[in-house]
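Summary of the model geometry
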Amino acid sequence: MATPGPNAEYTTEDVLAVFDQRSDPCEPMTSSEIAESINCSRPTALNRLEELAEEGKIETKKVGARGRVWWLPGHK
């Protein structure tokens, strides 16, 4: 995981690791939960989450007026 700080870089792998470390990696999470898990800002986490969604590595759904959740696609 990247070192926190103003010049720290957080990779998509850092974000994916958050899902993989959970007892249920497919359980949806908010961008705030992800940001807290890797100790980065919410906008930084959101950027990485959007990259992962565009690559098809995670899925997302808007919930409520301003909320969004993210999860790993189900494993078969």
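Everything below is about the structure shown above.
All of the points below concern the structure found in this document. Everything quoted here is computed from the prediction, not taken from an experiment. (Residues numbered from 1 in each chain as written. Predicted model: local features only at pLDDT ≥ 70, side-chain atom pairs only at ≥ 80, totals over all residues. Heavy atoms only, no water.)

Side note on helix α3 (residues 42-54)
For α3, with 13 residues, the first-to-last C-alpha span of 18 Å sits near the 18 Å given by 1.5 Å per residue. Of the positions making up α3, those classed as buried are Ala 45, Leu 49 and Leu 52. Projected down its long axis, α3 shows its buried positions confined to an angular sector of 60°, all on one face. Against the buried residues of α3 lie α1 (12-20), α2 (31-38) and β3 (67-71). Gly 56 lies just past α3 and shows a positive phi near 80°. (Helix = DSSP H or I, 4+ residues; strand = E, 2+ residues; numbered from the N terminus. Expected span 1.5 Å × (residues − 1). Buried < 20%, exposed > 50% of the residue type's maximum accessible area, 1.4 Å probe, protein only. Arc of directions from axis to C-beta. Contact = heavy atoms within 4.5 Å.)

As for the pairing of β3
Looking at chain direction, strand β1 (residues 29-30) and β3 are connected through two bridges and run antiparallel. Considered in β3, the bridge of Thr 30 is made with Val 69. With five bridges connecting them, strand β2 (residues 59-63) and β3 associate as antiparallel partners. By the bridge assignment for β3, Val 63 is matched with Gly 67. Counting the residues between successive antiparallel strands, the hairpin from β2 to β3 contains three residues, one of them, Gly 64, with a positive phi of roughly 75°. (Pairing = 2+ DSSP bridges.)

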